[in-house]
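Observations on the three-dimensional arrangement
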Amino acid sequence: MQKQQPRLSFWQLWTVSFGFLGVQFGFALQNANASRILSDLGADLHSLSFFWLVAPIMGLLVQPIVGAASDRTWNRLGRRRPFILAGAIAAAIGMFLMPNASLVVALIAPMIFGVLMLALMDASFNVCFQPFRSLVSDMVPPEQRNSGYSIQSLLINVGAVIGSILPFVLTNVVGLENTAKAGNVAPSVVWAFYIGATVLLGSVLWTVFRTKEYTPKDYYAYKGLDAEKAAQELKEVKSLGQKLTEFWGLMKTMPDTMKQLAVVQFFSWFALFIMWVYTTPAITQHIWGVEVKWFDPEYLSSVDVPASVIAAKGAAGDWVGILFAAYSLFAAIFSVVLAKLADKIGRKVVYAGSLFLGGISYISFLFFQDLTPTTVNLFITEVTVPVGAVNLVLPMIGIGIAWAAILAMPYAMLAGSLPANKTGVYMGIFNFTIAMPQIVCGLTAGFILKYAFDNEAVNIIMVSGVAMIIAGFAVFRVKEPVQVTSL
């Protein structure tokens, strides 16, 4: 007989996901600055998406393995927390090393070292992501699931806000340089990564040591599982062939809800990948008026780069952090009401409406070009930027609302369809729906940008908008299931 799972207090819900704040802090720093760092180290514009393939490939490989392993893990730290802690430590190491790629030039090319550290960071972030989502599913009773994932979305976006604006603050408030010579990384970015690594470790340690996972006996009782059967399954030693066969069986028999959500995920994450890779060159060209030729490494190697171009690239790179912080802030605000709104009018309506708004917001990028300089007050400092840069804060509202929904709604809709004894591995498999669209985008976006749009990056942001709108329509095909216990 299934035992009633206890409700969690607000602060218990908060603590379960608090470490995600630090993980997302680091992830936001990477998203806002990876293209900038790789460009500084020598990457050309249309090849950026290939370097960014590291992230989804790591997710594709890591999350299912970690998910399956965490389903079968019970030790002194619990079930999910050992993986969260290990991933955080590895990610922090990558964050300390990546911006220092130029220091290892005698041993390995800075570009190669930068990509290797990007791979380490992405693999480590993915080790954290899946167990955090499974931890909410494990610890939070079904009637609090909307609230649990909404709080997680809120904390994710608070971390993203701080991480995104940090290089800007370090430049305009602290006074660190935001420009660097070719082959080096700006000091403001280097120190932002150091601070991010520290925050990441601190917040994860809070969750790991202040969250007490259920014992196997209690967990099985709360999830309606046969304790003896579940314990026996954990003791089984399986060969690699058996594991692969079992994994393929799970892939074939995945819940219909997961398959239907996969379509939504494909188009929404295709759009997000384009935004993360190409927002920096898009606004540098479209808003700061920097010509496409200044993104060509071959051309740059043959001429002296004007100081005005270097300054514009640095300023635009900082402003991307502000824009990414803005959409994360709006996502955090929307996360506060997301659960109540979903409870009142339905998850699908909220989810689809959010994606439609995000798509329209991407398309609106094209209409905000205004190179007229203006002075704005930000974080007790004044900066001069084009008017168009300030106006771009407006579409960040819609993008933020879409991002909040993407972080919470698929997992809230999916969790009820998963067997409790396979939650981790299925959450890992579900990450395929995040990784695959990014891989497809990474393989195609550079060619689309070069041959369809002649390297005018703002045009590929329009592709994001169309993809997000398609994702919104696909939401209405998703059928939400009745809660299941085991397969």
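Counting of residues starts from 1 at the beginning of each chain's written sequence and follows it residue by residue. Two thresholds apply to this predicted model, a pLDDT of at least 70 for residue-level local features and 80 or more for giving and counting side-chain atom pairs, whereas whole-chain, interface and lining totals are computed over all residues. To get the side-chain values, take all heavy atoms of the structure and skip hydrogens and water.

**Quick look at a nonpolar patch on the surface**
Only residues whose relative accessible area exceeds 30% and that take part in no salt bridge are eligible for patches, with like-charged residues grouped when within 9 Å of each other and nonpolar side chains (Val, Leu, Ile, Met, Phe, Trp, Tyr) grouped when within 5 Å. Residue exposure ignores everything except the shown protein chains as possible cover, and the areas themselves are Shrake-Rupley values with a 1.4 Å probe. What counts as a salt bridge is simple: a side-chain nitrogen of Lys or Arg found within 4 Å of a carboxyl oxygen of Asp or Glu. A grouping of Phe50, Leu443, Phe447 and Tyr451 is seen on the molecular surface, where their side chains present a nonpolar patch of about 430 Å² in accessible area. Each helix corresponds to a stretch of at least 4 residues labelled H or I by DSSP, and each strand to a stretch of at least 2 residues labelled E; elements are numbered beginning at the N terminus. Top element by residues in the nonpolar patch is helix H18 (residues 432-452). It accounts for three residues. Per-residue accessibility, obtained with a 1.4 Å probe over protein chains only, is compared with the maximum for each type, and a residue is labelled buried under 20%, exposed over 50%, and partly exposed between these values. Looking at Phe447, the relative accessible area reads 45%, which means it is partly exposed.

**A closer look at the packing of aromatic side chains**
In this description, an aromatic ring pair is defined by two values, namely the gap between the centres and the angle between the planes. What counts as a ring pair is set by centres within 6.5 Å for rings of Phe, Tyr and Trp (its six-membered ring), and what kind of pair is set by the plane angle: stacked under 30 degrees, edge-to-face over 60, tilted for all other angles. Under the counting rule described, the total for this entry stands at 21 aromatic pairs. A connected cluster of aromatic rings, assembled from ring pairs, spans Phe27, Phe125, Trp269, Trp276, Phe324, Tyr327 and Trp403. Put simply, a charge is over a ring when the Lys NZ or the Arg CZ is close to the ring centre, within 6 Å, and near the line of the ring normal, within 35 degrees. When the ring centre of Trp206 is taken as origin, the NZ or CZ atom of Arg210, which lies over that ring, is 4.6 Å away.

**Structural notes on helix H7 (residues 187-210)**
Its 24 residues give H7 an end-to-end C-alpha distance of 35 Å, which sits within 8% of 34 Å, the value for a rise of 1.5 Å per residue. All buried positions along H7 are accounted for by Ser188, Val189, Val190, Ala192, Phe193, Gly196, Ala197, Leu200, Ser203, Val204, Thr207 and Val208. A helix's residues, less one, multiplied by 1.5 Å, set its expected span.

**Here we look at the packing of helix H11 (residues 256-286) against helix H19 (residues 457-475)**
Throughout, an axis means a line fitted to C-alpha atoms (over the contacting stretch in the case of helices), and angles, computed between N-to-C directions, take values from 0 to 180 degrees. Contact geometry of H11 with H19 gives a least axis separation of 8 Å together with a crossing angle of 160 degrees. Judged by the inter-axis angle, H11 sits roughly antiparallel to H19. In the crossing of H11 with H19, the sense of the turn from one axis to the other is left-handed. Put simply, angles under 35 degrees are roughly parallel, angles over 145 are roughly antiparallel, angles from 65 to 115 are roughly perpendicular, and the rest are oblique. Each crossing gets its hand from how the near helix is turned against the far one by less than a right angle, where anticlockwise is left-handed and clockwise is right-handed.

**Re the pattern of salt bridges**
For the structure on display, the rule yields four salt bridges. The closest approach of N and O atoms between Asp138 and Arg79, which form a salt bridge, is 3.7 Å. A residue pair is termed long-range when its members are at least 10 positions apart, and Asp138 in helix H5 (residues 110-139) and Arg79 in the loop between helix H3 (54-71) and helix H4 (81-97) qualify at 59 residues. For Asp138, a relative accessible area of 2% puts it in the buried group. Given a relative accessible area of 3%, Arg79 falls into the buried group. When the shortest N-O distance is used, the salt bridge between Arg81 and Glu213 registers 3.3 Å. Here the residue Arg81 occupies a position in helix H4, and Glu213 occupies one in the loop between H7 and helix H8 (216-223), the gap between them amounting to 132 residues. Residue classification places Glu213 among the buried residues on the basis of a relative accessible area of 9%. In the salt-bridge network here, residues are joined through shared partners; they are Arg79, Arg80 and Asp138.

**Looking at the environment of Leu85**
Checked against the element boundaries, Leu85 lands in helix H4. As for Leu85 and Ser124, which are separated by 39 residues in sequence, their C-alpha atoms are 9.9 Å apart.

**Some points on the confidence of the model for the protein**
Residues with a pLDDT of 70 or more make up 87% of the protein, whose mean pLDDT is 82. Each residue carries a pLDDT score, the predictor's own confidence in it, on a scale running from 0 to 100. Note on definitions: a residue-residue contact is assigned when non-hydrogen atoms from the two residues lie within 4.5 Å. With pLDDT under 50 throughout, residues 483-487 is counted as low confidence; its partners more than four residues away or in other chains account for 21 contacts.

**A closer look at unusual backbone geometry**
One non-glycine residue with positive phi stands out, namely Asp454, at about 50 degrees. In this structure Asp454 comes out as exposed when scored by relative accessible area, which is 59%. One non-glycine residue, Asn455, adopts positive backbone phi at about 65 degrees. Position of Asn455 among the secondary structure elements: in the loop between H18 and H19. Given a relative accessible area of 15%, Asn455 falls into the buried group.

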